[in-house]
Amino acid sequence: MNKRLPSYFIDLTQDACLRAYWRKDALRNFLAQHGTKQNILLSWGAEETKAVFLRRIFSALASQKDLIGHKAILKMANSLAEMKSFTDLTGWSDSSEKIQSAHKAVEKLRIELNKINDQLETEKLRNDIQKKSKDEREKSISESQTLDKFQTKLQDLMKNIGSQGAGYQFENWLYEFATFHDISSRKSYKDKDGRQIDGSLTIDGTTFLLEAKFTSAPIGSQEIDIFFNKVRKKADNTMGLIVSINGFLPDAIKTASCDRTFLILLDGSHFFNIIFPQKMTFKETIQRILANASQTGNSYLHIGDF
């Protein structure tokens, strides 16, 4: 709630409060339960009627500069609207008239309260949507800034492309990039046969063994065959992901794209034209290439076909 209640609604709440309670003690208890301060309740003199006292209380609540008073009135309105019986009105000679009057006052209040609550729900939903939109914008800006840093670091590495040191740094860059995208990943290691694995990624239950190629020229079919043999001995839910910053020769793509292939190919064009411009995330790009491989048997998907 971030705005003041309309005056007619405050009047309806005050009237329902007046008619739902006959005894002063019962009314005091109700007001105390809904945040009315003790010193205010004690200021109720013997000669001051309920109607005058309530008018004074509600006027003070409504005139508060902040919304605390309006929130207290709304809390009272909700409690009054939930009342199905009026025990304080029983046992009097005119109880039936008192109870009937209370029911009418509460029903009028309930109708308007439903409208107020609908407005508040709409307001809350609108605020939630605005907050979500703001959070998404801030996240997008933050991710864009972080992606810019990854892109700058990769471009700096490419100044030394082809060197062994840059190759190791590229492996580490891929690991950090996967971690940034909340992809479960592992750094380079050796398998039980002593073969070097440049790392691994796990997406949707599938583990991708990683082969990182940071060479000054596209790789050929020989590199594909070597990595193919590393992957084919692993578990059924294991695939291979080759990331070659300078792409693949046609014979390499053909070799990888065999029947029931378990290799997918990613190159620099995917990073610079798909991922860094935020057309797709790193994870979504891998999923898209994998989906295409499953449907067509082609391990490589050109950026123009995304």
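For the structure, check the block above.
Here the structure is a predicted model, which means the values were calculated and not measured.

### Side note on the overall build of the protein chain
Regarding its fold elements, the protein chain presents 11 helices and seven strands. Here the C-alpha radius of gyration of the protein chain, 35 Å, is well above what a compact globule of 306 residues would show, namely 19 Å. For the protein chain, the spread of C-alpha atoms along the three principal axes comes to 105 × 40 × 35 Å. Residues classed as buried in the protein chain amount to 40% of the 306 residues present. Expressed as a percentage of contacts within the protein chain between residues at least 6 apart in sequence, the contacts between residues at least 24 apart total 63%.

### Focus on the nonpolar core
If you look at the biggest cluster of nonpolar residues, it comprises 35 residues, and the most contacted ones within it are Phe 9, Tyr 21, Leu 31 and Leu 80. Where this core is concerned, the elements lending two or more residues are helix H1 (7-20), helix H2 (24-33), helix H4 (50-63), helix H5 (68-81) and helix H6 (95-157). In terms of residues, this core owes the most to one element, H5, which gives seven residues. Not counting residues up to four positions away in its chain, the partners in contact with Phe 9 are Leu 74, Ala 77, Leu 109, Glu 112, Leu 113 and Ile 116. Membership of the second largest hydrophobic core comes to 32 residues, among which are Leu 147, Ala 212, Met 239 and Ile 289.

### A few points about the sheet that holds strand S4 (residues 200-203)
The sheet built from five strands is open, its strands ordered S1-S4-S5-S6-S7 with mixed pairing. On the outer flanks of this sheet lie strand S1 (184-186) and strand S7 (263-267), each paired with one strand and no other. Between one strand axis and the next, the sheet turns through 25° on average, direction left out of account. Note: strand S5 (residues 206-213) against strand S6 (residues 238-244), seven bridges, orientation parallel. Each bridged residue has a counterpart across the sheet, and for Leu 209 the counterpart in S6 is Gly 240.

### Quick look at the pattern of salt bridges
On inspection of all chains with the given rule, the structure shows 13 salt bridges. Between Lys 153 and Glu 176 there is a salt bridge, and its shortest N-O distance comes to 3.4 Å. You can see Lys 153 sitting in helix H6 and its partner Glu 176 sitting in helix H7 (residues 164-180), a full 23 residues away along the chain. If you follow the salt bridges from partner to partner, you end up with Glu 211, Lys 213 and Lys 230 in one network.

### Quick notes on the pairing of S6
Of all seven residues in S6, seven are buried, a share of seventy percent or more. Across the two faces of S6 the burial is the same, with Thr 238, Gly 240, Ile 242 and Ser 244 and Met 239, Leu 241 and Val 243 all buried. Two strands pair when backbone bridges link them, and S6 and S7 are joined in this way by five bridges, in the parallel orientation. What sits directly across from Val 243, in S7, is Leu 266. Read from S6 through helix H9 (residues 250-256) to S7, the crossover connection turns out right-handed.

### Focus on unusual backbone geometry
The residue Asp 182 is not glycine, and still its phi comes out positive at about 60°. As for its position among the elements, Asp 182 is in the loop between H7 and S1. In this structure Asp 182 comes out as exposed when scored by relative accessible area, which is 72%.

### Here we look at the side chain of Lys 50
When you line up the elements, Lys 50 lands in helix H4. This buried residue, Lys 50, is left without a salt bridge; Asp 88 holds the nearest opposite charge, at 6.2 Å. Discounting chain neighbours no more than four positions away, the residues touching Lys 50 are Leu 18, Tyr 21, Trp 22, Lys 24, Leu 27 and Trp 44.

### Observations regarding the packing of H2 against H5
For the pair H2 and H5, the least separation of the axes is 10 Å and the interaxial angle reads 125°. One element, H2, and the other, H5, form an angle in the oblique class. Residues Phe 30, Leu 31 and Gln 33 of H2 lie in contact with H5, whose contacting residues are Lys 75, Met 76, Ser 79 and Leu 80.

### Looking at the packing of aromatic side chains
How two aromatic rings sit relative to each other is set out by the distance from centre to centre and by the angle between their planes. If you walk through the whole model with that rule in mind, you get 19 aromatic pairs. Pairing Trp 44 with Phe 53 gives two aromatic rings, centres 4.1 Å apart and planes at 5°, and the pair type is stacked. Exposure class is identical for Trp 44 and Phe 53. Each is buried. Arranged with centres 6.0 Å apart and planes meeting at 85°, the rings of Phe 150 and Trp 173 form a pair that is edge-to-face. Residue Phe 150 is located in helix H6, and its partner Trp 173 is located in helix H7; the two are separated by 23 residues in the primary sequence. You can call Phe 150 buried: its relative accessible area is 11%. With relative accessibility at 0%, the residue Trp 173 sits in the buried group. Grouped by ring-pair contacts, the aromatic residues Phe 150, Phe 170, Trp 173, Phe 177, Phe 180, Phe 214, Phe 271, Phe 272, Phe 276 and Phe 282 constitute a single cluster. Between Lys 98 and the ring centre of Trp 22, over which it is positioned, the NZ or CZ distance is 4.1 Å. In this structure, Arg 186 is placed above the aromatic ring of Tyr 189, and the distance from its NZ or CZ to the ring centre is 3.6 Å.

Conventions used here
- Residues numbered from 1 in each chain as written.
- Predicted model: local features only at pLDDT ≥ 70, side-chain atom pairs only at ≥ 80, totals over all residues.
- Heavy atoms only, no water.
- Helix = DSSP H or I, 4+ residues; strand = E, 2+ residues; numbered from the N terminus.
- Rg over C-alpha atoms; globule rule 2.2 N^0.38 Å.
- Buried < 20%, exposed > 50% of the residue type's maximum accessible area, 1.4 Å probe, protein only.
- Contact = heavy atoms within 4.5 Å.
- Core = buried A, V, L, I, M, F, W, Y, C linked by side-chain atoms within 4.5 Å.
- Pairing = 2+ DSSP bridges.
- Axes fitted to C-alpha atoms, helices over the stretch in contact; angles between N-to-C directions.
- Salt bridge = Lys/Arg side-chain N within 4 Å of Asp/Glu carboxyl O.
- Right-handed = clockwise from strand over helix to strand, strands pointing away.
- Lys, Arg positive; Asp, Glu negative; His and termini not counted.
- Parallel < 35°, antiparallel > 145°, perpendicular 65-115°, else oblique.
- Phe/Tyr/Trp six-rings, centres within 6.5 Å; stacked < 30°, edge-to-face > 60°.
- Lys NZ or Arg CZ within 6 Å of the ring centre and 35° of its normal.

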